[in-house]
Amino acid sequence: MNKERTKKASILRNDGFQTTISSILCILIGFLIGYIVLLIINPKGAGDAILAIMKNFLYYSSAVSAKKYLGTTLVKASALLMCALSVLFANKVGLFNIGVAGQYVVGAGASLYFAVGLGMPWYISLLAAIIFAAALGGISGFLKSYFNVNEVISCIMLNWISLYCVNMLLSTVKESSTPYTKPLSSANKDGLLPNLGLDKIFSNNKFVTIGVVLSVIAAIFVSILLDKTKFGYELKATGMNKHAAKYCGMKEKRNIIITMMISGALAGMGAGIFYLSGIEQWMIGQTSIPAMGFNGIAAAFLGGLNPIGAIFASYFIQHITSGGTYVDKTMYCTQISDLMIAFIIYLCGFVFFFKLFLNKYLDKRDEKMAAKAREGGEA
Amino acid sequence: MLLLIQYTLIFASVLVLVALGGCFSEHSGVINIGLEGIMVIGALGGALMMKFLGAGAPAAVVILLVVLSSVLSGILCSLLLGVAAIHFKADQTLLGTALNLLGAAVAVVLVRAINLSEDIDNVSSTIKYGEAKSAFVIRIGDFEFNWFMLIAFVVLILSYIVLYKTKFGMRLYACGEHPQAADSVGINVYKMRYAGVMISGALGGLGGLVYITAGVSEWKFENGVAGFGFLALAVMIFGQWKPLNIGLAALLFGFFRALSNVYTGFDFLLSLKLPSVIYNMLPYIISLIVLVFVSKKSRAPKAEGIPYDKGQR
């Protein structure tokens, strides 16, 4: 029996397990707060609304359309996953890349301009998105390492600058009758990412492309890069103590710049696989930065800053964001899911404290048990 | 020209208020990146109060109630940061980001719910407050004097006095530089940090109100405050965490922000034929350049961003 107990304790002490538990707690409390807000706004439909958010594509009773909308959710989730990877990669090196939103915007601008404006095939456009977004991330990294500019503030400034620039650039490929860019399907068919039969699985949802697979591969790649390579180890060491890393002969300035470039590249690739699937066009003249990047921050922290955890967290966040569009719009607005996500990020701040508390509790319990065992031995 | 001065002053007022808010919070040792969200919530509190007061009330009452409402909403919002950062030792950058998202989401959800309940077809996130807003403005010839310009100036002077000439200010400084030392001489670090965060909430909320009443008489809350909270942080760094320098920095940034509103009134700027987007980008570009020059030797409070742990040496 004693053996069983120690086994149980060891699971509870496992860091991954604790992270999972605390993430689930964050989600539950987030839902609870969302429900309370819905109750305050209008108690009549609150239950249905929260169910609609949880169900998302299951809202459709026919399996065919449910599968189709699952596909759409997956496409959006794959872009979100790339943003989450971008955030967590920078975070491992001790940088808070809030510029993921701007890098995403630049990725969108570059991929659409290359595909629609220059008529390039998809792989060139995707590469352009990656390169330009990496360059933008690199600027923040350069300013941080050589001029000590706080990366959060420089990133925010670059976010707005890139939004205005991309609006200006994409106005050259605008449809004449709408505020959107020309749709890829008519302007340049080669610009669309190939489906490779994936669309057949999701009831012929033509937006499901290799992008979904690419994003998961990227997550695994980031996981290996960070945990299994010398380069990843150097980056993490730089994040933990810049001065110690320098002392050990690592090029800490170069490491910061490279990190921000990789981080930007990941975000740019996210934008590329999203916009090159043809699922949405860019709205020219939009005055706010797309929420995808900021949601990436939520997904990264909810996934416990682990690339594999980010896969599940991104899907979940996209699931409830899409679910928000099914609430009864005569009573509520779709932003209720943004509210829940914001609360979930806020609660993620408490995870560290929660773990500390749990470990303290476990220590105390073990001590008590040890004392009991000793007493028992004496008697 | 007069219009340019007017806009420069009003935008500078916003930046002074919010940057001073950031200054108080950072001097106590808490980084407040959530100023943007606090501004939105403060603006929401003020706008709702103006909406419900309507046109009838006397100007003094309107000013008092609206300012009070936005200050209180700002403080309430900042407490979310305060409790988590001070008592639960949470990551302050993450909390600030959460606060920014939360501010925007709460404002949109609430405003839409109110609009929907009044009119089933009204799905916008806009609040109109034209009548009540006129209480803040006095016309002197062509120049629109706004009471907030005076309030911002008074707050600036007060902040200087509080931070440099009072016991409270000195203690606040100590908590941001070396909290352990402050604690050892009997200063309650937690209390001082709460005070710093709450002052930043009050000033941030007020700044949000000033921002949405600057020149317009309705506000679409989906737009938030367009990065002004972060511009204010840039102003604070440019001002090296000192109130008077912050005042000057805010004037400079306010000028560039005002240019984008009124550049069409200047013949030589029009003759340059730059697209209007350039003027929109200008404040952000200038702040980036300024940061490059001042960040190298910046003297931020030493203990900012580090949760205070009594057991630590």
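For the structure, see preceding data.
Not measured: the values here are computed from a predicted model.

Rules used in this analysis
- Residue positions are given per chain, counting from 1 as you read along its sequence in written order.
- Both sets of labels track the order of writing: A upward for chains, 1 upward for ligands.
- Where local features are concerned, this predicted model is filtered to residues with pLDDT of at least 70; where side-chain atom pairs are given and counted, the filter is 80 or more; whole-chain, interface and lining totals use all residues.
- Side-chain numbers here rest on the full set of heavy atoms in the structure, without hydrogens or water.
- By definition, any uninterrupted DSSP run of H or I lasting at least four residues is a helix, any uninterrupted run of E lasting at least two residues is a strand, and each is numbered from the N terminus.
- Every radius of gyration here is taken over C-alpha atoms, with the globule rule written as 2.2 Å times N^0.38, N being the number of residues.
- Buried residues are those whose accessible area, probed at 1.4 Å on protein chains only, stays under 20% of the maximum for their type, while exposed residues exceed 50% and partly exposed ones sit between those limits.
- Contact criterion: two residues are considered in contact whenever any of their non-hydrogen atoms come within 4.5 Å of each other.
- Methods summary: accessible areas were calculated by the Shrake-Rupley approach with a probe of 1.4 Å, and residue burial reflects only the protein chains presented.
- Axes here mean lines fitted to C-alpha atoms, for a helix over just the part in contact, with angles spanning 0 to 180 degrees between N-to-C directions.
- Orientation categories follow fixed angle ranges, with anything under 35 degrees roughly parallel, anything over 145 roughly antiparallel, 65 to 115 roughly perpendicular, and all other angles oblique.
- Note: crossing handedness is left-handed where the near helix turns anticlockwise from the far helix by less than a right angle, and right-handed where it turns clockwise.
- As a working rule, the residues Ala, Val, Leu, Ile, Met, Phe, Trp, Tyr, Cys and Pro are called nonpolar, Asp, Glu, Lys and Arg charged, and the rest polar, with Gly in that last group.
- In short, buried area is how much 1.4 Å probe accessible area vanishes from two parts on joining, totalled over both.
- Criterion for a salt bridge: a side-chain nitrogen of Lys or Arg within 4 Å of a carboxyl oxygen of Asp or Glu.
- Pairing of N or O atoms within 3.5 Å defines a polar contact, subject to two protein rules: one partner must be a possible hydrogen donor and the other a possible acceptor, and residues neighboring in sequence count only if both atoms are side-chain atoms.
- Detection works on a 1 Å grid of protein atoms alone, calling trapped sets that fit a 1.4 Å probe cavities and calling open sets with protein on both sides within 12 Å along at least five of seven lines pockets, with lining residues defined by an atom within 4 Å of a point.
- Grid points are joined across faces, edges and corners, and a volume is the space filled by probe spheres set on the points.
- The pairing test for Phe, Tyr and Trp rings, Trp by its six-membered ring, is centres within 6.5 Å, and the orientation test on the planes gives stacked under 30 degrees, edge-to-face over 60, and tilted for anything in between.
- The nonpolar core is taken to be a set of buried Ala, Val, Leu, Ile, Met, Phe, Trp, Tyr and Cys residues, with the residues joined through side-chain atoms within 4.5 Å.

A. Up close: the overall build of chain B. Along its length, chain B carries 13 helices and 4 strands. Its C-alpha atoms give chain B a radius of gyration of 20 Å, within 12% of the compact-globule value 20 Å for 313 residues. For chain B, the spread of C-alpha atoms along the three principal axes comes to 60 × 50 × 35 Å. Within chain B, the proportion of its 313 residues that are buried is 58%. Long-range contacts, defined as pairs at least 24 residues apart, comprise 79% of the intrachain contacts of chain B with a sequence gap of at least 6. When the accessible surface of chain B is summed, it comes to about 12600 Å², and 67% of that surface belongs to carbon and sulfur atoms.

B. Broad picture of the packing of helix α2 (residues 35-53) of chain B against helix α10 (residues 228-238) of chain B. Residues and elements named next belong to chain B. Packing of α2 against α10 brings their axes to within 7 Å, and their N-to-C directions diverge by 125°. Taken as axis vectors, α2 and α10 run oblique relative to one another. For the element pair α2 and α10, the recorded crossing hand is right-handed. Of α10, the residues touching α2 (which contributes Leu35, Glu36 and Met39) are Phe228, Gly229, Phe230 and Leu233. For the contact of α2 with α10, the per-class residue count stands at 5 nonpolar, 1 polar and 1 charged.

C. Fine view of the interface of chain A and chain B. Counting from both sides, the interface comprises 42 residues of chain A and, opposite them, 46 residues of chain B. Counting each side, the surface lost to burial between chain A and chain B is near 3900 Å², with a carbon and sulfur contribution of 82%. Sorting the residues of chain A by area buried against chain B places Met157, Tyr164 and Tyr346 of chain A first, and these three jointly supply 17% of that buried surface. The tally of links between chain A and chain B comes to 0 salt bridges. Between the two partners, chain A and chain B, sit 5 residue pairs in polar contact (both at pLDDT 80 or more). Secondary structure elements with two or more residues in the side of chain A that touches chain B: α2 (15-41), α6 (122-147), α7 (151-170), α14 (292-302), α16 (336-348) and α17 (351-378) of chain A. If one sorts the elements of the side of chain A that touches chain B by residue count, α7 of chain A sits on top with 11 residues. Looking at the side of chain A that touches chain B residue by residue, the classes come out as 34 nonpolar, 6 polar and 2 charged.

D. Fine view of the environment of Ala90 of chain B. Here Ala90 of chain B lies in the loop between α3 (59-87) and α4 (92-118). Judged by relative accessible area, which is 2%, Ala90 of chain B ranks as buried. Spatially, the C-alpha atom of Ala90 of chain B lies 31 Å from that of Ala250 of chain B, the residues being 160 residues apart in sequence. In contact with Ala90 of chain B, not counting residues within four places along its chain, are Gly349 of chain A together with Ala84, Ala85 and Leu95 of chain B.

E. Broad picture of empty space enclosed by the protein. Residues and elements named next belong to chain B. The full count for this structure, using the stated rule, is 1 cavity of 30 Å³ or more. As a volume, the largest cavity reaches approximately 80 Å³. In this structure, the largest cavity is lined by Gln6, Tyr7, Ile10, Val137, Glu144, Asn146, Met149, Thr213, Ala214 and Gly215. At the level of secondary structure, the elements contributing two or more residues to the lining of the largest cavity comprise α1 (2-28) and β3 (143-146). Here the lining of the largest cavity gets 3 residues from one element, more than from any other, and that element is α1. Here the residues of the lining of the largest cavity are counted per class, giving 5 nonpolar, 4 polar and 1 charged.

F. Expanded view of the packing of aromatic side chains. Under the criterion given, the structure shown has 28 aromatic pairs over all chains. Considering the side-chain rings of Phe353 of chain A and Phe88 of chain B, the 4.8 Å spacing of their centres and the 80° angle between planes classify their relative orientation as edge-to-face. Separated into two different chains, Phe353 of chain A in helix α17 and Phe88 of chain B in the loop between α3 and α4 make up a pair that spans both. Looking at Phe88 of chain B, the relative accessible area reads 27%, which means it is partly exposed.

G. Structural context of the packing of helix α10 (residues 210-228) of chain A against helix α11 (residues 230-240) of chain A. All names here are of chain A. Taken N-terminus to C-terminus, the directions of α10 and α11 make an angle of 75°; their axes are 5 Å apart at the nearest point. Between α10 and α11, the interaxial angle falls into the category roughly perpendicular. On the side of α10, the interface is formed by Leu225, Leu226, Asp227 and Lys228, while α11 contributes Lys230, Phe231, Gly232, Tyr233 and Lys236. Classifying every residue of the contact of α10 with α11 by side-chain character gives 4 nonpolar, 1 polar and 4 charged.

H. The nonpolar core, seen in detail. If you look at the biggest cluster of nonpolar residues, it comprises 221 residues, and the most contacted ones within it are Leu85, Trp282 and Leu302 of chain A together with Phe221 and Phe228 of chain B. Of the residues forming this core, the biggest block, 14 residues, is contributed by α1 of chain B. Setting aside residues up to four positions removed in sequence, Phe221 of chain B forms contacts with Val40, Ala43, Leu44, Ala47, Ala107, Val108, Val111, Ser125 and Ile127 of chain B.

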